[in-house]
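# Fold and contact review
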Amino acid sequence: MAVVARYRYLATNLKGNKQMRVPVLDMRVNEQRIPYLKSVYETDITDDIKQDSAKKIAEVIQQAFHASSLPEERLWMISLDGACHMTGIFEIGRGTAIASTVSQTQILQRALLSGAVSVAICHVHPSGDVTPSTADYQFTEKAKEVLEICGIRFLDHVIISGANREEFYSFYNDGKL
């Protein structure tokens, strides 16, 4: 968690409680090819709200990236601490209007570097249809297996509808996780 704490900015709310603004992080490698995290920018989202439902996860991604208006598929990973508070958001994949690719290695590297206790994956279907594809089911199962090997809980895979619709699909809510 020390790595993530380096990149988070402390802000104080009106009540004087410490809140941290959640950064969008990117994984980089140094000259020796050792990976590290770099804060790309800080969102206006604070870590004071538990990300414990598909609706909250979809809202965070929509707020940070305007996901429902994107013309191509994109995938994001939210890393969370033991209390389901966000420690970072990663864009882990970009694709076309109908598909995108991401390797399980990319997910695992970022989860480990951010000190995640759990993660949630979210992606957008630009067509507006949130029905998971066969590839979505396969990806979800593989991601769950890889993360569980390292003791990281896979909370949910949320599909957000594109075409400026306000719909989402949750693998967890549908009993698929």
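Turning our attention to the packing of aromatic side chains. Going through the model one piece at a time under the given rule, you end up with three aromatic pairs. With a centroid separation of 5.0 Å and an interplanar angle of 25 degrees, the aromatic rings of Phe65 and Trp76 are classed as stacked. Of this pair, Phe65 sits in helix H2 (residues 54-65) while Trp76 sits in strand E4 (residues 74-80), and the two are 11 residues apart along the sequence. Taken individually, Phe65 and Trp76 each receive the classification buried, so the pair is uniform in this respect. Here the aromatic rings of Tyr169 and Phe171 are separated by 5.1 Å at their centres, their planes lie at 85 degrees, and the arrangement is edge-to-face. An aromatic cluster is present here, built from Tyr137, Tyr169 and Phe171 joined pairwise through their rings.

In this section: the pairing of strand E6 (residues 118-125). Of all eight residues making up E6, eight are buried, and the element is well covered by its neighbours. In this structure, E4 lies alongside E6, joined through six bridges in antiparallel fashion. Directly across from Leu75, in E6, lies its bridge partner His123. Handedness of the crossover is the feature at issue here: the chain leaves E6, passes through helix H4 (residues 134-149), returns alongside strand E7 (residues 153-161), and the resulting connection is right-handed.

Time to look at the side chain of Thr140. With respect to the element layout, Thr140 can be found in helix H4. Among the polar contacts made by the side chain of Thr140, one reaches the main-chain carbonyl oxygen of Asp136 at a distance of 2.8 Å. Setting aside anything within four residues of it in sequence, one finds Thr140 in contact with Phe154, His157, Phe171 and Leu177.

When two helices pack together, their arrangement is given by the angle between the helix axes and the distance between those axes. One can describe the packing of helix H3 (residues 104-113) onto H4 by two numbers: an axis separation of 10 Å at closest approach and a directional angle of 40 degrees. Comparing the axis directions of H3 and H4 gives the class oblique. The chirality of how H3 crosses H4 is right-handed. In this structure, H3 uses Gln104, Ile107, Leu108 and Ala111 to contact H4, whose residues at the interface are Phe139, Lys142, Ala143, Val146 and Leu147. For the contact of H3 with H4, the per-class residue count stands at seven nonpolar, one polar and one charged.

Applying the stated criterion across every chain yields a total of three salt bridges. Between Glu72 and Arg74 there is a salt bridge, with its nearest N and O atoms 2.7 Å apart. In this structure Glu72 comes out as buried when scored by relative accessible area, which is 16%. Using a relative accessible area of 14% as the deciding quantity, one classes Arg74 as buried. Measuring nitrogen to oxygen at the nearest pair gives 2.7 Å for the salt bridge that ties Arg94 to Glu91. Residue Glu91 is classed as partly exposed on the basis of its relative accessible area of 27%.

Definitions and limits used
- Residues numbered from 1 in each chain as written.
- Predicted model: local features only at pLDDT ≥ 70, side-chain atom pairs only at ≥ 80, totals over all residues.
- Heavy atoms only, no water.
- Phe/Tyr/Trp six-rings, centres within 6.5 Å; stacked < 30°, edge-to-face > 60°.
- Helix = DSSP H or I, 4+ residues; strand = E, 2+ residues; numbered from the N terminus.
- Buried < 20%, exposed > 50% of the residue type's maximum accessible area, 1.4 Å probe, protein only.
- Pairing = 2+ DSSP bridges.
- Right-handed = clockwise from strand over helix to strand, strands pointing away.
- Polar contact = N/O pair within 3.5 Å; in protein donor to acceptor, adjacent residues only side chain to side chain.
- Contact = heavy atoms within 4.5 Å.
- Axes fitted to C-alpha atoms, helices over the stretch in contact; angles between N-to-C directions.
- Parallel < 35°, antiparallel > 145°, perpendicular 65-115°, else oblique.
- Left-handed = near helix turned anticlockwise from the far one by under 90°.
- Nonpolar A, V, L, I, M, F, W, Y, C, P; charged D, E, K, R; others polar.
- Salt bridge = Lys/Arg side-chain N within 4 Å of Asp/Glu carboxyl O.

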